[in-house]
Every structure is written in C-alpha cells, then in structure tokens.
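Chain by chain, the residues:
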Amino acid sequence: LGSLLHHIGTSAIMDLLLRLITCIESPETRRAVIEWLNENQIVQRLVDCIVPSNDEDIHCNAAQSLCDIVRLGREQMMQMQDTSDPDPLLTTMELEETVSKMLNNMFELEQNESVIVNGLFVIHTLLEVRRQGQDGGMNDQMASLDTDRLSQGINNVMAAIVP
C-alpha cells in the first residue's frame, strides 16, 4: 500500500485504489478489502499526501480518492439501508480528527493554493447531501438510520470546522 501511495500522483494508481473499493463483487471480499485498507490507514495516508511539499498531481489525486471514498461509502450506505454496518473508510473520513488534520494541512502549514483547493474539495464532499432514488431521481424518503449516520458524519465535519 505504501508503494501505491508513493505513486498517487499517477492517475492509474488512483484508479486502481478506486477499483479495489468498487469492483469486487463478493460482499464479503469487498468488506475484507475495505477493512484492510482502513487498518492500513489509507484515509490518513491520503490526507497526509495533501501537503505543500507534494506536487499538485498528488494533491489532486489524493483528494479525488478521498472524495470517491465518501461518495461510494454513502451510496453503499443508502443502497444497503438498515442491513449494513457502517463503511469503515467512510467512518474514518467523517471523523473530526481526520477533518482537523485536513484543515491543519490547509491552513497551519506553509500556504499552498493547491493544498487549499483540494482540501476544500474534500470538505465540500463531506458536507454534500445527495439522495438518489433507484431511477436516478431524488428520493424524498431516506431511511432513518441513513439520516442518522449522515447527520453524525456532517456534525463531525462541522465540529472540526467550527472550534
């Protein structure tokens, strides 16, 4: 995993990470891969890539990977509804500690426009509320568990933003 992240500036590596999360058909194997990625701190390591000392390509691909983790985790949560355990990668992304680290990278280190822009891209995604029905349209009904999980994640993000 460390070798993959060393080359996160290459879009093919970002695509490979996305495929590891999405293209495994067996739910048990998919869950095992997601748990392995979480145990190996993929989220924290991607956040650590968005620092001034790295190139813009690294910032962009790490941010896009983090946004994909959020969107896919939330999509999975809404599809599985009450039967699913929370996605560990999404849970880690939504932690106040993770968002605080991103904000620290953006504003406490040397000022860098790419770090700020890509960090804001991730935070915007964390604050995004999208509810899609099976036909692709908006779905007014969201399971109460989904609403609770989404609210908790957004509250954690807000707690990091507003001290």
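Anything mentioned here points back to the structure above.
Note that this is a predicted model, so its numbers are computed, not measured.

**Side note on the packing of helix α7 (residues 96-107) against helix α8 (residues 113-127)**
Put simply, α7 and α8 touch, their axes get as near as 9 Å, and they point 155° apart. Classified by the angle between their axes, α7 and α8 sit roughly antiparallel to one another. Crossing of α7 over α8 shows left-handed handedness. Within the contact between the two elements, α7 uses V99, M102, L103, N105, M106 and F107 and α8 uses V115, I116, G119, L120, V122, I123 and L126. Its residues placed into classes, the contact of α7 with α8 shows 11 nonpolar, 2 polar and no charged.

**Here's the deal with the pattern of salt bridges**
By the definition in use, this model includes 4 salt bridges. Between E128 and R71 there is a salt bridge; the shortest N-O distance is 3.2 Å. Within this pair, whereas E128 is found in the loop between α8 and α9 (144-161), its partner R71 is found in helix α5 (residues 56-80), the two being separated by 57 residues in sequence. The shortest N-O distance in the salt bridge between R74 and E94 comes to 2.9 Å. With R74 in helix α5 and E94 in the loop between α6 (88-93) and α7, the pair connects residues that are 20 residues apart, well separated along the chain. Like R74, the residue E94 is buried in the burial classification.

**Some thoughts on the nonpolar core**
Within the largest apolar cluster, 36 residues are counted, with the highest numbers of intra-cluster contacts made by I8 and L66. For this core, the elements supplying multiple residues, two or more each, are α2 (11-22), α3 (27-39), α4 (42-49), α5, α6, α7, α8 and α9. Here this core gets 7 residues from one element, more than from any other, and that element is α5. When near neighbours in sequence (up to four residues on either side) are disregarded, L66 contacts V43, L46, V47, I50, M93, M102 and V122.

**Overview of a nonpolar patch on the surface**
Side chains of L127, M158, I161 and V162 sit close together on the surface and give an oily, nonpolar patch of about 300 Å² of accessible area. One can find L127 in helix α8. Judged by its relative accessible area of 31%, L127 falls in the partly exposed class.

Parameters at a glance
- Residues numbered from 1 in each chain as written.
- Predicted model: local features only at pLDDT ≥ 70, side-chain atom pairs only at ≥ 80, totals over all residues.
- Heavy atoms only, no water.
- Axes fitted to C-alpha atoms, helices over the stretch in contact; angles between N-to-C directions.
- Helix = DSSP H or I, 4+ residues; strand = E, 2+ residues; numbered from the N terminus.
- Parallel < 35°, antiparallel > 145°, perpendicular 65-115°, else oblique.
- Left-handed = near helix turned anticlockwise from the far one by under 90°.
- Contact = heavy atoms within 4.5 Å.
- Nonpolar A, V, L, I, M, F, W, Y, C, P; charged D, E, K, R; others polar.
- Salt bridge = Lys/Arg side-chain N within 4 Å of Asp/Glu carboxyl O.
- Buried < 20%, exposed > 50% of the residue type's maximum accessible area, 1.4 Å probe, protein only.
- Core = buried A, V, L, I, M, F, W, Y, C linked by side-chain atoms within 4.5 Å.
- Patch = residues over 30% accessible without salt bridge, like charges linked within 9 Å, V, L, I, M, F, W, Y side chains within 5 Å.
- Areas by Shrake-Rupley, 256 points an atom, 1.4 Å probe, with all protein chains shown as cover.

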